[in-house]
Amino acid sequence: YYITNNLRMKVLQQFLPRSVLVTGANRGLGLAFVKYFVKNNQMPGVVPTKIISCSRKMSSDLENHLEDIHHIDVDVTNEVQVKDAAEKVSKIVGDDGLSLLINNAAIMRHGKGIVGCSVEEMKETLDTNLIGIHAMTRSFQPLLKQAAKSQSDLPISCARAAVCNLSAELGSIKGTNRNYLYTAYKVSKAGVNMLTKCTAVDLVKDNIICFGVHPGWAQTGLGGPQAPLTAEDAVLDVIQIMENVQKKHNGAFLRKGMNSIMF
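Just so we're clear, the structure is a prediction, and the values are computed from it rather than from any experiment.

Before going further, it helps to examine the overall build of the chain. From N to C terminus, the chain includes seven helices and 10 strands. By the compact-globule yardstick of 18 Å for 263 residues, the chain fits well, its C-alpha radius of gyration being 17 Å. Taken across its 263 residues, the chain has 53% of its residues classed as buried. Relative to all contacts within the chain whose residues are 6 or more apart in sequence, the contacts with residues 24 or more apart total 70%. Accessible area for the chain stands at about 12500 Å²; split by element, carbon and sulfur atoms hold 52% of it.

This is the structure:
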């Protein structure tokens, strides 16, 4: 069992991916994902997962784990860096391919409403939160396809080949009448939800599943210290989703307990 904050989770061997790549891995949820897989690799009898962290900058917290992971400096808004990262990852994973891509990197600015949100803020947010996900998924698709092929004995799942896009309930169009804050962020996450659906429809033919996840309001640089969840607890909720997704969840937008969120 992997224990954190008094929560206990059974390690399911059939879930554990051969490899995982996390963007935005230097802080917040990204760092918590890295820590989770590092701890799982330390469990007796577990086949180690190759952990690949990607971020614009190194952090002291992430640096503490460099002996246990492969780190690549990459800005998801820089297509040249993304393509270069894909080549580096190809050498790390070899013929096994990349099992799980966690598109986590995101930013949030605080422009209020349409007038308060500058054009530059909108462009910057979309570039990171939406286009960055597209760039990563597009460049790593061949490695995901290879993973699906190399694990053809497994059903469509996160253990075989998957793209998990970190979205947010704020990206649900149905809930936009609650407030006018974080316009660019909400627009970007609504775009992520559509991109997730488009990606799912396209990649399922290669036995790759793609789904979106609302991790909950967590204590990160984006969520703030007043959030009810620690980053570790939010990641555990997402991991439980990853353990349970099947082909029927392809293109879904999910939250804790495998509950669907309206787009």
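What follows covers the nonpolar core. Counting residues in each nonpolar core, the largest one holds 36 residues, and the members touching the most others are Phe-33, Phe-37, Leu-100, Ile-102, Phe-211 and Met-242. Those elements that provide at least two residues to this core are β3 (19-23), α1 (28-41), β6 (100-103), β7 (162-166), β8 (209-213) and α7 (231-244). Setting aside anything within four residues of it in sequence, one finds Ile-102 in contact with Val-20, Leu-21, Val-22, Thr-23, Phe-33, Phe-37, Cys-164, Leu-166 and Met-242. Formed by 28 residues, the second largest nonpolar core is a distinct cluster that contains Leu-21, Ile-52, Val-76 and Val-163.

To continue, consider the side chain of Thr-128. As for its position among the elements, Thr-128 is in helix α5 (residues 119-150). For Thr-128, a relative accessible area of 4% puts it in the buried group. If near-sequence neighbours (up to four positions away) are discounted, Thr-128 is found in contact with Arg-56, Val-76, Thr-77, Ala-105, Ala-106, Ile-107 and Ile-133.

Since one α-helical turn is 3.6 residues long, residues separated by three or four positions face the same way. Taking 1.5 Å of rise per residue, 32 residues should cover 46 Å, and α5 covers 45 Å from first to last C-alpha, within 8% of that figure. Of all the bends found along α5, the most pronounced is centred on Gln-141 and spans about 50°, while Pro-142, a proline, follows it within four residues.

Here we come to the confidence of the model for the chain. Per-residue confidence for the chain gives a mean pLDDT of 92; residues scoring 70 or more make up 93%. In the predicted structure, residues 1-14 sits below a pLDDT of 50 and forms 35 contacts with residues beyond four places in sequence or in another chain.

What characterises a pair of aromatic rings is the spacing of the ring centres plus the angle enclosed by the ring planes. The full count for this structure, using the stated rule, is two aromatic pairs. Pairing Phe-253 with Phe-263 gives two aromatic rings, centres 6.1 Å apart and planes at 20°, and the pair type is stacked. Remark: Phe-263 occurs in the segment after β10 (259-260) and Phe-253 occurs in strand β9 (residues 253-255); sequence separation between them is 10 residues. Residue class for Phe-253 comes out buried when judged on its relative accessible area of 2%. On the basis of relative accessibility, which here comes to 40%, the residue Phe-263 falls in the partly exposed class.

Attention now goes to the pairing of β6. Side chains Leu-100 and Ile-102 of β6 all project onto a buried face; the interleaved residues Leu-101 and Asn-103 project onto the opposite face, where all are buried too. Both β3 and β6 contribute to a ladder of three bridges, which runs parallel. Looking across to β6, one finds that Val-22 is bridged to Ile-102.

Quick look at the sheet that holds β10 now. As summarised here, the arrangement of the eight strands in space is β5-β4-β3-β6-β7-β8-β9-β10, forming an open sheet in which the pairing is mixed. Either end of the sheet is taken by a strand with one partner, and the two such strands are β5 (70-73) and β10. Strands β3, β6 and β7 of the sheet are contacted by α5, whose axis makes an angle of about 175° with β6. Along the sheet, helix α6 (residues 183-203) makes contact with β7, β8 and β9, crossing β8 at roughly 160°.

For the rest of this paragraph, the subject is α7. End to end, α7 covers 20 Å across 14 residues, agreeing with the expected 20 Å (1.5 Å per residue, within 8%). Along α7, 11 of the 14 residues are buried, which leaves the element largely enclosed by surrounding structure. Within the span of α7, buried status applies to Ala-231, Asp-233, Ala-234, Val-235, Leu-236, Asp-237, Val-238, Ile-239, Ile-241, Met-242 and Glu-243.

So, about the pairing of strand β4 (residues 50-55). Most of β4 sits inside the fold, with five of its six residues counted as buried. For β3 and β4, the ladder comprises five bridges, and the chain directions are parallel. Bridge pairing in β4 links Val-22 to Ser-53. A crossover links β3 with its parallel partner β4, the connecting element being α1, and its sense is right-handed. Strand direction decides the pairing type here: β4 and β5, joined by four bridges, are parallel. The residue of β5 that forms the bridge with Ser-55 is Asp-73.

Rules of the game
Residues numbered from 1 in each chain as written. Predicted model: local features only at pLDDT ≥ 70, side-chain atom pairs only at ≥ 80, totals over all residues. Heavy atoms only, no water. Helix = DSSP H or I, 4+ residues; strand = E, 2+ residues; numbered from the N terminus. Rg over C-alpha atoms; globule rule 2.2 N^0.38 Å. Buried < 20%, exposed > 50% of the residue type's maximum accessible area, 1.4 Å probe, protein only. Contact = heavy atoms within 4.5 Å. Areas by Shrake-Rupley, 256 points an atom, 1.4 Å probe, with all protein chains shown as cover. Core = buried A, V, L, I, M, F, W, Y, C linked by side-chain atoms within 4.5 Å. Expected span 1.5 Å × (residues − 1). Bend = angle between axes of the 7 residues up to and from the residue. pLDDT = per-residue confidence, 0-100. Phe/Tyr/Trp six-rings, centres within 6.5 Å; stacked < 30°, edge-to-face > 60°. Pairing = 2+ DSSP bridges. Axes fitted to C-alpha atoms, helices over the stretch in contact; angles between N-to-C directions. Right-handed = clockwise from strand over helix to strand, strands pointing away.

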